[in-house]
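The residues making up each chain are set out below.
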Amino acid sequence: MTVPYQLSGDRVLRAADVDLADPAFWRLPRPERLRAFALLRELDAPVLFTPRAGTARTAGKPFHALVRHADVRTASRTPQVFASAPGVTTPEPAGWAKALFGNSMVNMDGLEHAALRRIISRRFTPRLLADVEENVGRLAGRLVDELIAERPRDFMPSAASRLPLEVICDLMGIPKAYRARIADQIDHASEHVGVERRGRARLRIPGRGLASLARMQFVMGRLARERRRHPEDDLVSALVSADIDGEALSGQQLGAFFSLLLVAGVETTRNAIAHGLFLLDRHPEQRELLRSDFDRYIGGAVDEIVRHSTPIIQFRRTVIAECALGGRTFLPGEKVALIYASANRDEAVFTHPDRFDITRSPNPHLGYGGGGPHHCLGAHLARLEMTALFRELIGRRPVMRNLGDPELVDSNFDNRVGSLPFTFGPTFT
């Protein structure tokens, strides 16, 4: 970083001023970060960023930032060159942690990843998905009823968080007695991912996160043993029971998948819901258009919310074969960051990319990944949840009014909402 980010007067931010490896960058207001990404997209080739000595471990190893839509999409669809192993987040998971907790599917490649994804995908049968859709609608209605009755001041711990958690727990067959404890473990496991840690917190906070994962693994291990002995009509029973090819998840694999489903599925969806509610509040003409014909516009609205907010900012890849991309030749062993938050604002793909437009078409956003083998397995579920909850919130005039600005967490990993204050409208219908 050649000059301070806190620009004053008429000073103009230059691409040379931008340092994605500096934690200070991720403390900038989001509009300034998006402006910096736009400058990087104008360059001839991806830039190499190197963490300085003493920088927090969240910065990881030197990496090239892929900021253009075409480059992120190509890297996502070329796993034989840009590998997910040994890890897609920073810092990369330690070997002992993988041995203890199991390797997450997002960190796998090739046959290992394909086999695990096949086992899981086969269990999402048409009947299961139909039951999930019906359940999501009921849950959304009940949670908005409770929102009105309880009148909380913060949207995040209420419907935004509770809907994705309850949906996943119902899907998996998690007993209700476990759910409050699991919700706490999710918060502890994810609250500091991508966040700069200082002083003693560098040691204490990772330990708390691992302890939370261990507790979730313990719950799932016990439930897996119960379901093997006494199967029920839920996803856990299906995943631990051998199918016609004799494939099933081990207890450790189930625990790793459940942790991924909860931390990724709950966090990303609740953040997308919160950003969406805020965007619709700040763009009343878009909200009224959605209300005018909900079924016609909700699909586009969900896609535009995901594009505009981009819940996951970036994932990392490791180069395993020489490749030319975006004006640079990458060599084995190098790291790249797929900056989805930049790709989803690429002027070469999106007209007026900073505009929130629920009628945007086409909308080839990369909010669920850039395609390829790691395309988000929960994308359909997230769409169902957002559709059901917005149907309730938009359809009841008025439920929520006077939304405050969301309190965002300074993270280089996800566009996380810490809180979203609001007040209620005077009547409910």
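Remember, it's a predicted structure, so these values are computed and weren't measured experimentally.

## A short note on the overall build of the protein chain
Here is step 1 of the chain: Each helix and strand in the protein chain was counted, giving 14 helices and 11 strands.
Here is step 2 of the chain: The 429 residues of the protein chain split such that 52% are buried.
Here is step 3 of the chain: Taking all contacts inside the protein chain whose residues are at least 6 apart in sequence as the whole, residues at least 24 apart take part in 71%.
Here is step 4 of the chain: Total accessible area computed for the protein chain in this model is approximately 19,000 Å², and 55% of it derives from carbon and sulfur atoms.

## Digging into the pattern of salt bridges
Opposite charge on two side chains permits pairing when their charged atoms draw close.
Here is step 1 of the chain: Applying the stated criterion to the full structure yields 26 salt bridges.
Here is step 2 of the chain: Arginine 179 is paired through a salt bridge with aspartate 170; the nearest N and O atoms lie 2.8 Å apart.
Here is step 3 of the chain: Among the residues examined, arginine 179 registers a relative accessible area of 7% and is labelled buried.
Here is step 4 of the chain: A salt bridge links glutamate 267 to arginine 270; the shortest N-O distance between them is 2.3 Å. Taken together, the positions of glutamate 267 and arginine 270, both in helix α10 (residues 251-282) and 3 residues apart, correspond to about one turn of that helix.

## Quick word on the nonpolar core
Here is step 1 of the chain: In terms of nonpolar packing, the biggest core is built from 78 residues, with Phe155 and Met172 touching the most fellow members.
Here is step 2 of the chain: For this core, the element with the most residues is α10, which contributes 13 residues.
Here is step 3 of the chain: If we ignore the near neighbours within four places in the chain, the residues touching methionine 172 are Met220, Asp234, Leu235, Val236, Leu239, Leu254, Phe257, Phe258 and Leu261.

## Details of the packing of aromatic side chains
Aromatic rings in a pair are described by how distant their centres are and how their planes are angled relative to each other.
Here is step 1 of the chain: Taken as a whole and assessed by the stated rule, the structure comprises 8 aromatic pairs.
Here is step 2 of the chain: Ring-pair connections join several aromatic residues into one group, and the members of that group are Phe25, Trp26 and Phe37.
Here is step 3 of the chain: Above the plane of the ring of phenylalanine 350 lies arginine 307, whose end atom (NZ or CZ) is 5.2 Å from the centre.
Here is step 4 of the chain: For the cation-ring pair, arginine 316 lies above phenylalanine 63, with the distance from its terminal atom to the ring centre recorded as 4.0 Å.

## A few points about the sheet that holds strand β1 (residues 47-49)
Here is step 1 of the chain: With respect to topology, 5 strands assemble into an open sheet ordered β1-β2-β7-β4-β3, the strand pairing being mixed. Edge strands, defined here as strands with exactly one partner in the open sheet, are β1 and β3 (82-83).
Here is step 2 of the chain: Summarising the sheet, strand β4 (residues 314-319) and strand β7 (residues 335-339) pair through 5 bridges and their orientation is antiparallel. Each residue of the ladder has a partner; that of threonine 318, found in β7, is lysine 335.
Here is step 3 of the chain: In the packing of helix α2 (residues 69-76) onto the sheet, the strands contacted are β2 (63-66), β3 and β7, and the crossing angle to β7 comes to about 120 degrees.

## Concerning unusual backbone geometry
Here is step 1 of the chain: Following alanine 85, the chain continues to proline 86 via a peptide bond in cis, the omega torsion being 5 degrees.
Here is step 2 of the chain: Along the polypeptide, proline 86 turns up in the loop between β3 and α3 (95-101).
Here is step 3 of the chain: The peptide bond linking serine 361 to proline 362 adopts the cis configuration, its omega dihedral lying at 0 degrees.
Here is step 4 of the chain: Checked against the element boundaries, proline 362 lands in the loop between α13 (340-343) and α14 (379-395).
Here is step 5 of the chain: Its identity is not glycine, yet arginine 151 carries a phi of approximately 50 degrees, on the positive side.
Here is step 6 of the chain: Using a relative accessible area of 42% as the deciding quantity, one classes arginine 151 as partly exposed.
Here is step 7 of the chain: Even without being glycine, histidine 352 reaches a positive phi, approximately 50 degrees.
Here is step 8 of the chain: Mapped onto the secondary structure, histidine 352 falls in the loop between α13 and α14.
Here is step 9 of the chain: What makes histidine 352 partly exposed here is its relative accessible area of 46%.

Reading the values: the criteria
Residues numbered from 1 in each chain as written. Predicted model: local features only at pLDDT ≥ 70, side-chain atom pairs only at ≥ 80, totals over all residues. Heavy atoms only, no water. Helix = DSSP H or I, 4+ residues; strand = E, 2+ residues; numbered from the N terminus. Buried < 20%, exposed > 50% of the residue type's maximum accessible area, 1.4 Å probe, protein only. Contact = heavy atoms within 4.5 Å. Areas by Shrake-Rupley, 256 points an atom, 1.4 Å probe, with all protein chains shown as cover. Salt bridge = Lys/Arg side-chain N within 4 Å of Asp/Glu carboxyl O. Core = buried A, V, L, I, M, F, W, Y, C linked by side-chain atoms within 4.5 Å. Phe/Tyr/Trp six-rings, centres within 6.5 Å; stacked < 30°, edge-to-face > 60°. Lys NZ or Arg CZ within 6 Å of the ring centre and 35° of its normal. Pairing = 2+ DSSP bridges. Axes fitted to C-alpha atoms, helices over the stretch in contact; angles between N-to-C directions.

Geometry only, nothing functional implied.
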